[in-house]
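Architecture at a glance
So the chains spell out like this:
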Amino acid sequence: GRPGMGKTAQMCNMILNQGKMGIPTLTFSLEMSKEQLAERLLCIETGIPTTNMRLGLLNQAQLDAISEAVKTIKQLPIYIDSNFNVDLNYVISTTRRYVRTHDVDVVYLDYIQLLAERNTDSTNELGRISRALKLLSNELEISSVVGSQLNRNLESREDKRPQLSDLRQSGNLEEDTDIVIGLYRDIMYNGKTKFTDLLEELILKNRSGPRGMLPLKFEEECGRINDGK
């Protein structure tokens, strides 16, 4: 997705939901500290606005809710690595270690462009990273969820919903992935939209199933995403 579409929020919701299901996850957070990511998980769990959490504008009921949420999340098999100075070898070795020691089933990377060396051909570098992660996932029999920016070409289109071709110039992501999900929020482009809390999950590629659109409710204040029911 493009910036602000909810990539990190989507990952945080998935991590929390999988943790509650007993699925061990490892997250490489290349842009946010472990404390910031934990704060996001707390906001999703409690429904408390992120701004209130950061500024300490909390009443007693919210403080009690946070205390209970901390206890809950601490018991979940959620592991976070927020070392910003990482490279592909670090990601691979750390993943192997957590799979061996904590039976991790799903690895998250937020997001892949931050792992590429800035002084190299970024397209080739991203292709190398993408292929390595795919081979690692197959070898360890785990799932890898990789966040990715999209190129700016969609900004010039009338319909700014992501297309699979928007992943081009991002190495071999389009070819290596089994499932590609594009995120779109109309409110980011149309301030007069009536779909203010709608997050469209566009399944752009699916090796084992259909493509289509899944409408979700995005509570932006706290980062919670659900089916709206």
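Now for a look at the structure at hand. (Residues numbered from 1 in each chain as written. Predicted model: local features only at pLDDT ≥ 70, side-chain atom pairs only at ≥ 80, totals over all residues. Heavy atoms only, no water.)

Where helix H1 (residues 7-20) meets helix H2 (residues 34-46), the axes come as close as 10 Å, and the angle between the chain directions of the two elements is 70°. If you check the angle between H1 and H2, you find them roughly perpendicular. For the pair formed by H1 and H2, the contact residues are Thr8, Ala9, Cys12, Asn13, Leu16 and Lys20 on the first element and Leu37, Arg40, Leu41, Ile44 and Glu45 on the second. Here the residues of the contact of H1 with H2 sort into six nonpolar, two polar and three charged. (Axes fitted to C-alpha atoms, helices over the stretch in contact; angles between N-to-C directions. Helix = DSSP H or I, 4+ residues; strand = E, 2+ residues; numbered from the N terminus. Parallel < 35°, antiparallel > 145°, perpendicular 65-115°, else oblique. Contact = heavy atoms within 4.5 Å. Nonpolar A, V, L, I, M, F, W, Y, C, P; charged D, E, K, R; others polar.)

Close contact between helix H5 (residues 88-102) and helix H6 (residues 122-140) brings their axes to 11 Å; oriented N to C, the two are set at 15°. In terms of axis orientation, H5 runs roughly parallel to H6. The handedness of the crossing between H5 and H6 is right-handed. Where H5 approaches H6, its residues Leu88, Val91, Ile92, Thr95, Arg96 and Val99 are matched on the opposing element by Arg128, Ile129, Ala132, Leu133, Leu136, Glu139 and Leu140. A class-by-class count of the residues in the contact of H5 with H6 yields nine nonpolar, one polar and three charged. (Left-handed = near helix turned anticlockwise from the far one by under 90°.)

Read across the sheet, four strands follow the order E2-E1-E3-E4 without closing on themselves; strand pairing throughout is parallel. Where the open sheet ends on each side, the last strands, each with one partner, are strand E2 (78-81) and strand E4 (143-146). Each adjacent strand pair in this sheet contributes to an overall mean axis angle of 15°, direction not counted. Of the pairings in the sheet, the one linking strand E3 (residues 106-110) to E4 comprises four bridges and is parallel in character. Its bridge partner being in E4, Tyr108 is matched across the sheet by Val145. On top of the sheet, H5 reaches strand E1 (25-29), E2 and E3; it is set at about 155° to E1, its chief contact. (Pairing = 2+ DSSP bridges.)

This brings us to the packing of aromatic side chains. All chains considered together, the criterion is met by two aromatic pairs. The interplanar angle of 55° and the centroid separation of 5.6 Å between the aromatic rings of Tyr79 and Tyr98 together place this pair among those described as tilted. Here Tyr98 lies in helix H5 and Tyr79 lies in strand E2, a separation of 19 residues in the sequence. Here Tyr98 falls in the buried class, since its relative accessible area comes to 16%. Ring geometry for Tyr184 against Tyr189: centres 6.1 Å apart, planes inclined by 10°, an arrangement best described as stacked. The ring of Tyr189 is capped by Lys160, whose NZ or CZ atom sits 5.6 Å from the centre of that ring. (Phe/Tyr/Trp six-rings, centres within 6.5 Å; stacked < 30°, edge-to-face > 60°. Buried < 20%, exposed > 50% of the residue type's maximum accessible area, 1.4 Å probe, protein only. Lys NZ or Arg CZ within 6 Å of the ring centre and 35° of its normal.)

Fair warning: the whole summary comes from geometry, so function is off the table for now.
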